[in-house]
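These are the residues of each chain, in order.
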Amino acid sequence: MAGPIEQIRNVCALGALQSVVAIQRAIPIIHAGPGCGQKLWSGLSNGNGFQGASYVGGHAVPCSNATEKEVVFGGEDKLRETVENTLKVMDGDLFVVLTGCTSDIVGDDVGEVVRSFKNKGTPIVYVETGGFKGDNYFGHELLWEAIIEQFLEKSDRMEQGLVNVWSVIPYQDPYWTGTLHAIADLLRSIGLKPNIIYGPGEGVASVRKIPSAQFNLLISPWAGLKTVKRLEEKFGTPFFHYPALPIGATESGSFLRSVGSFAGIPVSRVEETIKREEERYYYYVERSADLLFETRFLPGHFVTIADSFYSLGLTRFLINDLGLIPEVQFVTEAVPEEFRPLVETEFARFDEGLVSPVHYGADGATVRDELAKHKFRERPLILGSSWDRVIARELKGYPLSVAMPVSDRLVLSRTYAGYDGALRLTEDIYSVILGSFQ
Amino acid sequence: MAINLNLSEAPIREARLGAITGYNGTLKDLVSRSGCGATINNCERSFSQTSSCSSGCAQTLLANIVDAAIVNHAPIGCAGDTIYHNIANHYGRFYRGQDNRNIQLINTNIEESDTVFGGAEKLRAGILEAWRRFKPKAIFVSTSCASGIIGDDIKGVISDLGEEVPIPVIPVSCEGFRSKVWASGFDAAFHAVLTGIVKPPRRSQPNLVNMVNFRGSAREYITRLFGRLGLEPRFILPFASVEELETISEAAVTATVCTTLGSYIGTALEEQYGVPYVKTIPPHGVAGIEAWLRGIAAAVGKQGEVEELIAEERAATVDDLAEIRRRLDGKTAVLGMGPSYAQSYLGVLEELGITVLHAASWHYDQRYDYGEQPPAILRAAGREEDVTFSVGDQQLFEIGNKLSRVKPDLYFSRHPGSSVWGAKLGITAVPVIDEYTAFGHRGLVNFGYRIIDALTNRHFVTKLAERVTLPYTTWWFEQDPYSFLEQEVI
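Quick look at the overall build of chain A
Here's step 1: Per the secondary structure count, chain A includes 17 helices and 13 strands.
Here's step 2: For 438 residues, the compact-globule estimate of 2.2 N^0.38 gives 22 Å, and chain A sits close to it at 22 Å.
Here's step 3: Counting across all 438 residues of chain A, residues that qualify as buried make up 58%.
Here's step 4: Taking contacts inside chain A between residues at least 6 apart in sequence as the whole, the part at least 24 apart equals 73%.

Structure representation (structure tokens):
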């Protein structure tokens, strides 16, 4: 039984509605009470990098706005009416009905309602994401299970080089758009054709292409494994799992070599790319070295308070490339037990002196209580959420908001992934330090 | 109908105030058919977009009481809005010079097994944790759709705590599905404060004004105005302390910046403790501030002082207002706001020389808790010209359709996530997010110049509108904006 949570760092399963919003011209239809859409949008998008409503987010999302009547007598009729009229009013290519607590506790037969539209040829799927069922990492995978089972069709040809990219969760990660773009650039740099499902691009057409890919690429410690495994079962598409978000030269090089090898890209092509990218990257790193070595404002030790994507990805970069010392790491999402060993192994892949304690499922109190036990001899670098700026001030640390909720920054196309992303991160970290007193 | 503080929860606005969320007609029609004992029926929609719920409104008030805590008995998503509440918390604390802290809120994280076996244990654990972690002066327990449907006995859990938690622990009934009027959540919060925090007066504080508001940006301005009447404002609920809230029963008068917000607590304090509630139109614009200040002054016997103050404020702003009116003359607008603001701003925009072509109100209370129709709508309906008027719980598809037909110069809206949709249509959108926008003579001048600025450089809006597409079909833009609102049964 999970305990109480102070300072939320993710939302409930219905938060998957933002993953639908992230697919261009896909339209979520919420079958739930009147406040779910507003609260989830507020938490995942507006209060998290101010990501906006986009094409059909925020208060534009169709919703049955369930009342007492639907709770007492069932909400199937209300849902049917909402879907029917959504199809008239809203201009989209894929419709996704997502349920909330009211519908799931009452037990509406949503599948029956949705099938009646699907049978008439409407591109529509449903997913039961009542908030009590789990968090939005869980809801995101439920959404994909629904799209795979109810929408995707087997392709009669495999497109060589086409790679479906599965990684950070849209909106939960405020940097998702830039990050997926950066991953796509890395893949293109070695001759692969990335299929990016979210953000500016092909929208629902990219969803339809999923079954014809050469392979699925999962860049994630654990989230998304169910999805790529299901795709393998259903369409026979193999998957390649790379556990850490590649940030910086070491990890980006390692990523390109391993994905290149899996995809059958000639080693020479991969090595040429890495050489070119590193030369450019190190041109800037060389320029940064004067500041990094010769000023007195150097944080020796760092703390990450983020989900496993970022805790792991940032830790690797800060240790392997920037040469900092990990103090303690917090993984904020509840990593399911079955995946815990996988994540733990990844956090342990450093030289002995560089392995730090990791706390899973951290909330505000975990962070506060654990950090109180540490003695910082210098001002620590604290990469967390906007919640953590308070504790960072108390510790006289340098805070940089990198994880949900990021409410002190506007985030548009910024990313910390890849080579350029690592340069942005270096700029941001040292700008916080230099800006802290002037 | 008097407010009953013996009830365990405030009845929702639909039941208490005849509140509706569906109407299409005109201002005069709405007013005539909902006054003098008449009641207008609500019209349902057969298509709707996601609106907001009571829980958000309750938490937005309670989360910023500086030394209280909230236990949100809900799945984690119901705390999604607390991130925004924390932004408001930091903003408010920063500008008040208070220490830098996060809001004190714990979510009980209701999961699947709790929907089967009940969530009482989790609630108990959450309350104990809130007490251990924050040592607050009071704990509010906000409910959710999930806790309501599974039927957790909130009061039972609280009473079983006994001396383990030696502070008031107060339930706040704000299940989202209970009311379509999110402002019912304000009443839930006030009911909790009135029943769990406020104490009977031990003495009278003849200078104290309970100033019911949200974020309180106009504190200095109000303090100066009230000072001239020998009065001191106490801004509630956000950024007040539990101790300050205990004694609001001792105040000389209760005033509010938003009559939608103030109705429940103002009326209850008047009925229960004899603290007069100022029932004038809200203090926006010239007519608003003057009526409001006179209302406050009348309650404390300062009629002479207030006239002097009003004359000074007028004199200080008369030239600017003339200039603003000259520059805004002939401009047209549509407005979409909560009821108090929609009604009040009909008057404000008229004072600025702007013609309102249509007003949309996020809901409509047919009467306030003290039994009368909202004063601002009566005033607006008393003008010669009628105006089309709609009521909808922020249904953007209706607003977008209406805006595309009416094509006003300006769209004024109040509520996060509404103004951008006007801008996407190429209409200069002026959001009224701060509750003290157009407050008083001087606020009206600032607002006027802000509108002039918005109309002076339209590049951002124009270029945005040229490049974005709205999520609606062409078919929809060819329909009447209220096609999905059921026909009224009269």
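A word on the interface of chain A and chain B
Here's step 1: Taken together, the 61 residues of chain A in the interface contact 59 residues of chain B.
Here's step 2: Every element with two or more residues in the side of chain A that touches chain B is listed here: strand 1 (5–6), helix 2 (36–46), helix 3 (68–73), helix 4 (76–89), helix 5 (101–106) and helix 16 (389–394) of chain A.
Here's step 3: No other element matches helix 2 of chain A, which puts nine residues into the side of chain A that touches chain B.
Here's step 4: Counted by class, the side of chain A that touches chain B contains 30 nonpolar, 22 polar and nine charged residues.
Here's step 5: Of the pairings in the sheet, the one linking strand 1 of chain A to strand 3 (residues 105–107) of chain B comprises two bridges and is antiparallel in character. Residue Glu-6 of chain A lies in a different strand from strand 3 of chain B, and its bridge partner there is Ile-106 of chain B.

A word on the domain arrangement of chain B
It is common to report an interface's size as the accessible area lost on association of the parts.
Residue and element names in this part refer to chain B.
Here's step 1: Segmentation of chain B into domains returns domain 1 (13–19 + 52–196), domain 2 (205–307) and domain 3 (314–478).
Here's step 2: The straight-line distance from the C-alpha centre of domain 2 to that of domain 3 is 26 Å.
Here's step 3: Residue-level contacts link 24 residues of domain 2 with 27 residues of domain 3.
Here's step 4: Elements represented by at least two residues in the side of domain 2 that touches domain 3 include exactly helix 12 (259–273) and helix 13 (285–300).

As for the domain arrangement of chain A
Residue and element names in this part refer to chain A.
Here's step 1: By the assigned domains, chain A splits into domain 1 (13–150), domain 2 (159–267) and domain 3 (296–435).
Here's step 2: Computed from C-alpha coordinates alone, the two centres of domain 2 and domain 3 are separated by 24 Å.
Here's step 3: Taken together, the 26 residues of domain 2 in the interface contact 29 residues of domain 3.
Here's step 4: Among the elements of the structure, helix 8 (176–189) and helix 11 (248–263) are those that each provide at least two residues to the side of domain 2 that touches domain 3.

Quick look at the sheet that holds strand 8 (residues 251–256) of chain B
All names here are of chain B.
Here's step 1: Reading across from one edge, 7-6-8 is the order of the three strands in this open sheet, with parallel pairing throughout. Taken across any chain shown, the strands that pair with only one partner, and hence form the sheet edges, are strand 7 (232–236) and strand 8. Within the sheet, the average angular offset between the axes of one strand and its neighbour, ignoring direction, is 30°.
Here's step 2: Here helix 12 sits on the sheet in contact with strand 6 (205–212) and strand 8, set at roughly 160° to strand 8.
Here's step 3: Of the strands in this sheet, strand 6 and strand 8 are in contact with helix 13, which crosses strand 8 at around 165°.

Notes on the sheet that holds strand 8 (residues 239–242) of chain A
Residue and element names in this part refer to chain A.
Here's step 1: Spatially, four strands are ordered 6-5-7-8 in an open sheet, and the strand pairing comes out parallel. The strands lining the two open edges of the sheet, one partner per strand, are strand 6 (193–195) and strand 8. Geometrically, the sheet is characterised by an average inter-axis angle of 30° between neighbouring strands, direction not taken into account.
Here's step 2: As paired strands, strand 5 (residues 159–166) and strand 6 are joined by three bridges and run parallel to one another. Its bridge partner lying in strand 6, Asn-164 is registered against Asn-195.

Quick notes on the environment of Asp-67 of chain B
Residue and element names in this part refer to chain B.
Here's step 1: Structurally, Asp-67 is set in the loop between helix 3 (54–62) and strand 2 (68–72).
Here's step 2: What makes Asp-67 partly exposed here is the crowd of 15 C-beta atoms within 10 Å.
Here's step 3: In this structure, the C-alpha to C-alpha distance between Asp-67 and Val-116, residues 49 residues apart in sequence, is 34 Å.
Here's step 4: Apart from the residues within four sequence positions on either side, Asp-67 is in contact with Pro-136, Lys-137, Ser-241 and Val-242.

Some points on unusual backbone geometry
Here's step 1: Between Met-404 of chain A and the following residue, Pro-405 of chain A, the backbone shows a cis peptide bond with an omega angle of 0°.
Here's step 2: Look at Asn-109 of chain B: it is not a glycine, yet its phi comes out positive at around 60°.
Here's step 3: Structurally, the position occupied by Asn-109 of chain B is in the loop between strand 3 and helix 5 (112–117).
Here's step 4: Looking at Asn-109 of chain B, the number of C-beta atoms within 10 Å reads 28, which means it is buried.
Here's step 5: One non-glycine residue, His-415 of chain B, adopts positive backbone phi at about 145°.
Here's step 6: Position of His-415 of chain B relative to the elements: it lies in the loop between strand 12 (410–413) and helix 18 (419–423).
Here's step 7: Here His-415 of chain B falls in the buried class, since 20 other C-beta atoms lie within 10 Å of it.

Examining the packing of helix 12 (residues 267–294) of chain A against helix 17 (residues 418–435) of chain A
All names here are of chain A.
Here's step 1: At a minimum axis distance of 10 Å, the contact between helix 12 and helix 17 shows a crossing angle of 10°. Comparing the axis directions of helix 12 and helix 17 gives the class roughly parallel. On the side of helix 12, the interface is formed by Glu-277, Tyr-281, Tyr-284, Ser-288 and Leu-291, while helix 17 contributes Tyr-419, Leu-423, Thr-426 and Tyr-430.
Here's step 2: Looking at the contact of helix 12 with helix 17 residue by residue, the class counts come to six nonpolar, two polar and one charged.

Comments concerning the nonpolar core
Here's step 1: Grouped together as the largest cluster of nonpolar side chains are 292 residues, with contacts concentrated most on Leu-62, Ile-139 and Ala-189 of chain B.
Here's step 2: Apart from residues no more than four positions distant in its own chain, Ile-139 of chain B is found in contact with Ala-68, Ala-69, Val-71, Ile-127, Ala-130, Trp-131, Val-165, Ile-167 and Val-169 of chain B.

Thoughts on the packing of helix 8 of chain A against helix 17 of chain A
Describing two packed helices takes the angle between their axes plus the distance from one axis to the other.
All names here are of chain A.
Here's step 1: Orientation of helix 8 relative to helix 17, taken along the N-to-C sense of each, is 140°, at an axis distance of 8 Å. Compared by their axis directions, helix 8 and helix 17 come out oblique. Each of Ala-182, Asp-185 and Leu-186 in helix 8 lies in contact with helix 17, whose residues at this interface are Gly-418, Asp-420 and Gly-421.

Regarding the pairing of strand 9 (residues 301–306) of chain A
Residue and element names in this part refer to chain A.
Here's step 1: In terms of burial, strand 9 is largely enclosed, as six of its six residues are buried.
Here's step 2: By the alternation rule, side chains of strand 9 split into His-301, Val-303 and Ile-305 and Phe-302, Thr-304 and Ala-306, which are all buried.
Here's step 3: For the segment spanning strand 9, helix 13 (residues 308–320) and strand 10 (residues 325–331), crossover handedness is right-handed.
Here's step 4: Sheet analysis places strand 9 next to strand 12 (residues 381–384), joined by three bridges and oriented parallel. Each bridged residue has a counterpart across the sheet, and for Phe-302 the counterpart in strand 12 is Leu-381.

Details of the confidence of the model for chain B
Here's step 1: Of the residues in chain B, 99% have a pLDDT of 70 or more, and the chain-wide mean is 96.
Here's step 2: Quick note on the complex model: pTM equals 0.97, ipTM equals 0.97.

Some thoughts on helix 12 of chain A
All names here are of chain A.
Here's step 1: With 28 residues, helix 12 should cover 40 Å at 1.5 Å per step; its first-to-last C-alpha distance of 39 Å lies within 8% of that length.
Here's step 2: The largest bend along helix 12 measures about 35° and falls at Ser-288.
Here's step 3: Those residues of helix 12 that sit buried are Val-270, Thr-273, Ile-274, Glu-277 and Tyr-281.
Here's step 4: On its buried face, helix 12 sits against helix 8, helix 11 and helix 17.

What counts as what
- Residues numbered from 1 in each chain as written.
- Chains lettered and ligands numbered in written order.
- Predicted model: local features only at pLDDT ≥ 70, side-chain atom pairs only at ≥ 80, totals over all residues.
- Helix = DSSP H or I, 4+ residues; strand = E, 2+ residues; numbered from the N terminus.
- Rg over C-alpha atoms; globule rule 2.2 N^0.38 Å.
- Buried ≥ 20, exposed ≤ 12 C-beta atoms within 10 Å, placed from the backbone.
- Contact = placed C-beta atoms within 7 Å.
- Nonpolar A, V, L, I, M, F, W, Y, C, P; charged D, E, K, R; others polar.
- Pairing = 2+ DSSP bridges.
- Domains from an automatic or database assignment.
- Axes fitted to C-alpha atoms, helices over the stretch in contact; angles between N-to-C directions.
- Parallel < 35°, antiparallel > 145°, perpendicular 65-115°, else oblique.
- Core = buried A, V, L, I, M, F, W, Y, C linked by C-beta atoms within 7 Å.
- Right-handed = clockwise from strand over helix to strand, strands pointing away.
- pLDDT = per-residue confidence, 0-100.
- Expected span 1.5 Å × (residues − 1).
- Bend = angle between axes of the 7 residues up to and from the residue.

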